[in-house]
Amino acid sequence: MDDLSLIRKTSAPLAGRDDLEHALEQKTALLHEVDHRVKNNLQLISALLLLQSRQAKDADVKHALKSVLERVNAVATVHRRLFQDEDVQRFDISAFIRDLVSDAVGASGRTDIVVRLNLERIDIPAAKATPLALVINELLCNALHHAFPEGREGHIDITTAREGHDFRIEIADDGVGISSDGAESAPCFGLSIVRLLGQQLRARIETENRGPGHRVTVRLPVNGVH
């Protein structure tokens, strides 16, 4: 074998490795660009909703816009956590809940409501992160807005755990609960969102009137099927 053939043989693996490293750099740069654009778009949507809600005169319109803003912020939190974690295929729902509680309680201004967390780490597929996050956001915000009217003090307990073949996510409060005529104190639209997303996740949604208070339990199958 002559010297030129030897050089070609030894340089080929190096060239291949350089191509892989270049492709990885391009992929990383693309992911950062997507992250940046999605983050900016979500921030823009939030700003527009906030501006519109401040200018709205009708109380029902204000409430509806505020609810949409809360849902957009929940999606933004999911996006932020997905890009912060090293494993983009899995999503730590307990870490999301901590962020959500901090944001939601702070935005509500309700210092008289104490949220107690009992969270076991639960990792779900990233594809399920957004619908499950919206379910949790809906239940938490319903409790914050409707369980404790007129400055009533109280507690909200959030629990996550694995039980057999299910992940259990429970949100319970000691507020006003369900009215005497059986109607839910929370808006029907929010509960409809919870039920629809529960069907998408193949989760069981269980509600219980605690008297006082209300408990909602979401049982999400570990393997995707009950």
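Description of the structure in this document.

Next up on the list: the overall build of the chain. Within the chain, the regular secondary structure consists of 5 helices and 7 strands. The secondary structure elements of the chain, listed N-terminal to C-terminal, are α-α-β-α-β-β-α-β-β-α-β-β. When each of the 226 residues of the chain is scored for burial, the buried share is 40%. Taking the intrachain contacts of the chain between residues at least 6 apart in sequence as the baseline, contacts between residues at least 24 apart amount to 67%.

Turning to the pattern of salt bridges, a few remarks are in order. Under the counting rule described, the total for this entry stands at 15 salt bridges. For aspartate 99, the salt bridge is made with arginine 80, and the minimal N-O distance between the two is 3.7 Å. Of the two residues, aspartate 99 sits in helix H3 (residues 93-108) while arginine 80 sits in helix H2 (residues 59-84), which places them 19 residues apart along the sequence. Ionic pairing is found between arginine 121 and aspartate 92, a salt bridge with its closest N-O pair at 3.7 Å. Residue arginine 121 is located in the loop between strand E2 (113-119) and strand E3 (123-125), and its partner aspartate 92 is located in strand E1 (residues 90-92); the two are separated by 29 residues in the primary sequence. Residue arginine 121 is classed as exposed on the basis of its relative accessible area of 57%. The buried category is assigned to aspartate 92, whose relative accessible area is 10%. Residues joined in a network through salt bridges with shared partners are Glu163, Asp166, Arg168, Glu170, Arg204, Glu206, Glu208, Arg215 and Arg219.

Looking now at the environment of asparagine 41. Here asparagine 41 is to be found in helix H1 (residues 3-55). For the pair formed by asparagine 41 and alanine 76, sequence separation is 35 residues and the distance between their alpha carbons is 9.7 Å.

Let's shift gears to the packing of H3 against helix H4 (residues 129-146). Contact pair H3 / H4: the axes reach a minimum separation of 11 Å and the direction vectors enclose 35°. For H3 against H4, the interelement crossing comes out right-handed. In this structure, H3 uses Ile93, Phe96, Ile97, Leu100, Val101, Ala104, Val105 and Ser108 to contact H4, whose residues at the interface are Leu132, Ala133, Ile136, Asn137, Leu140 and Leu144. Of the residues assigned to the contact of H3 with H4, the class counts are 12 nonpolar, 2 polar and no charged.

The terminal C-alpha atoms of H2 lie 37 Å apart, and with 26 residues this matches the ideal 38 Å at 1.5 Å per residue to within 8%. When H2 is considered as a whole, its buried residues turn out to be Leu65, Ser67, Leu69, Glu70, Arg71, Val72, Ala74, Thr77, Val78, His79, Arg81 and Leu82.

Attention now moves to the packing of aromatic side chains. Summed over the entire model, instances satisfying the criterion amount to 1 aromatic pair. With centroids separated by 6.0 Å and ring planes inclined at 50°, the aromatic side chains of phenylalanine 91 and phenylalanine 96 adopt a geometry described as tilted.

As a further point, take the sheet that holds strand E7 (residues 214-221). Spatial ordering of the open sheet is given by E2-E4-E5-E7-E6, a layout of 5 strands whose pairing is mixed. One side of each edge strand has no neighbouring strand; the edge strands of this open sheet are E2 and strand E6 (204-209). Pairwise comparison of adjacent strand axes, ignoring direction, gives a mean angle of 10° for this sheet. The pairing of strand E5 (residues 166-173) with E7 spans 8 bridges and is antiparallel.

Procedures and definitions
Residues numbered from 1 in each chain as written. Predicted model: local features only at pLDDT ≥ 70, side-chain atom pairs only at ≥ 80, totals over all residues. Heavy atoms only, no water. Helix = DSSP H or I, 4+ residues; strand = E, 2+ residues; numbered from the N terminus. Buried < 20%, exposed > 50% of the residue type's maximum accessible area, 1.4 Å probe, protein only. Contact = heavy atoms within 4.5 Å. Salt bridge = Lys/Arg side-chain N within 4 Å of Asp/Glu carboxyl O. Axes fitted to C-alpha atoms, helices over the stretch in contact; angles between N-to-C directions. Left-handed = near helix turned anticlockwise from the far one by under 90°. Nonpolar A, V, L, I, M, F, W, Y, C, P; charged D, E, K, R; others polar. Expected span 1.5 Å × (residues − 1). Phe/Tyr/Trp six-rings, centres within 6.5 Å; stacked < 30°, edge-to-face > 60°. Pairing = 2+ DSSP bridges.

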